[in-house]
Amino acid sequence: MLYRILAVGDVVMEPGLRHLEKNLRPLQKHEGIDFTIVNGENASGVGLTEDQAWRIYDAGADVVTLGNHSFGKMQISNMLDDTSWILRPANYTNRAPGRGCGIYDLNGVRIRVMNLIGRCDLAWGAENPFTTADRLLEKEQADFTLVDFHAEATSEKLAMGYYLDGRISAMWGTHTHVPTADERIYPKGTGYITDLGMTGPIESVLGIEPWQSVEGFLGGLPGRYKAPVGPSKMQGAIFTLDSETGLCTAVERVDVR
């Protein structure tokens, strides 16, 4: 039996949240989606509040993943401990609240979702994401395993894909907010894309006002990030998985405007 898994790129501030709320369920219905993972670490620009987490969940997400801004809004800390459908990177220290891996039931099908963070030019203090993935895969059995690798370096993401090829169903990258055109199935059957892109304003620099980004590169003080006014996009990828093998049969990019 085939299952359709939707992964949605980083939701950025209020425009991204509203666009997700408007478009996620229609997309799920149109594409026959069985399970959805949304990266929500930028819902506040830097971080995620409890209200924003519930908005993403109520919009249709089955799991909300995070990244380097997991604790940008510290009020989310209690929710991370108490809520199974929010994941922060598993290779953060055990002193951090929350969990980085969960197994979710889909009508008897067990879906493992792992959230990892890269160390190359991002979270240098995190544990090794490669060995963390090994450790998590040795735990409970699952029919499918999905990985959101929140990382800066494309090389680190590509290497992780090869490292986990054949051992997981699908892996995608988040964090850079720019979609890559390398969706593929690795030689041993794992679905892959280096970055999903983002959910937020089209006319922006990674979701913020262009002039703020320009001012920063000019050496000025751009101030608190603002979201531009205007149309938004929702980017991600759909992975078709085979329950007999636990592997991927197709990957397609998504861009809803």
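Just above sits the structure.
Residues numbered from 1 in each chain as written. Predicted model: local features only at pLDDT ≥ 70, side-chain atom pairs only at ≥ 80, totals over all residues. Heavy atoms only, no water.

A. Region of the structure containing the overall build of the protein chain. Counting its regular elements, the protein chain contains six helices and 14 strands. A globule of 257 residues ought to have a C-alpha radius of gyration of about 18 Å, and the protein chain, at 17 Å, matches this closely. Dimensions of the protein chain along its principal axes, counting C-alpha atoms only, are 55 × 40 × 35 Å. Counting every position in the protein chain, which comprises 257 residues, the buried fraction comes to 56%. Considering only contacts in the protein chain between residues 6 or more positions apart, those separated by 24 or more positions represent 63%. In the form shown here, the protein chain has an accessible surface area of approximately 11200 Å², with 51% of it arising from carbon and sulfur atoms. Across the protein chain, the mean location of the 24 positive side-chain charges is 2 Å away from that of the 33 negative side-chain charges. (Helix = DSSP H or I, 4+ residues; strand = E, 2+ residues; numbered from the N terminus. Rg over C-alpha atoms; globule rule 2.2 N^0.38 Å. Buried < 20%, exposed > 50% of the residue type's maximum accessible area, 1.4 Å probe, protein only. Contact = heavy atoms within 4.5 Å. Areas by Shrake-Rupley, 256 points an atom, 1.4 Å probe, with all protein chains shown as cover. Lys, Arg positive; Asp, Glu negative; His and termini not counted. Charge placed at Lys NZ, Arg CZ, Asp CG, Glu CD.)

B. Here's a closer look at the side chain of N91. Of note, N91 is situated in the loop between β5 (86–87) and β6 (101–106). By relative accessible area, which is 0% here, N91 ends up buried. Polar contacts involving the side chain of N91 include one to the main-chain carbonyl oxygen of I117, which spans 2.8 Å. Dropping the residues within four chain positions of it, N91 is found in contact with L116, I117, A126, E127, N128, P129 and T132. (Polar contact = N/O pair within 3.5 Å; in protein donor to acceptor, adjacent residues only side chain to side chain.)

C. Here's a closer look at the packing of helix α1 (residues 13–31) against helix α2 (residues 50–59). Interhelical geometry of α1 versus α2 gives an angle of 20 degrees and a closest axis separation of 8 Å. Here α1 lies roughly parallel to α2, going by the angle between them. Classified by chirality, the crossing of α2 by α1 is left-handed. For the pair α1 and α2, the contacting residues are E14, L17, R18, L20, E21, L24 and R25 in the first and Q52, R55, I56, Y57, D58 and A59 in the second. Each residue belonging to the contact of α1 with α2 can be placed in one class, and the counts come to six nonpolar, one polar and six charged. (Axes fitted to C-alpha atoms, helices over the stretch in contact; angles between N-to-C directions. Parallel < 35°, antiparallel > 145°, perpendicular 65-115°, else oblique. Left-handed = near helix turned anticlockwise from the far one by under 90°. Nonpolar A, V, L, I, M, F, W, Y, C, P; charged D, E, K, R; others polar.)

D. Summary view of the packing of aromatic side chains. On inspection of all chains with the given rule, the structure shows ten aromatic pairs. A centroid spacing of 6.1 Å and a plane angle of 35 degrees characterise the contact between F71 and Y92, whose relative ring orientation is tilted. One end of the pair, F71, is in the loop between β4 (63–65) and α3 (77–82); the other, Y92, is in the loop between β5 and β6, with 21 residues separating them in the sequence. Given the relative accessible area of 24%, F71 is considered partly exposed. Looking at Y92, the relative accessible area reads 13%, which means it is buried. For the ring pair F130 and Y163, a centre distance of 5.4 Å and an interplane angle of 70 degrees mean the geometry is edge-to-face. (Phe/Tyr/Trp six-rings, centres within 6.5 Å; stacked < 30°, edge-to-face > 60°.)

Bear in mind that shape data such as this cannot, by itself, settle questions of function.
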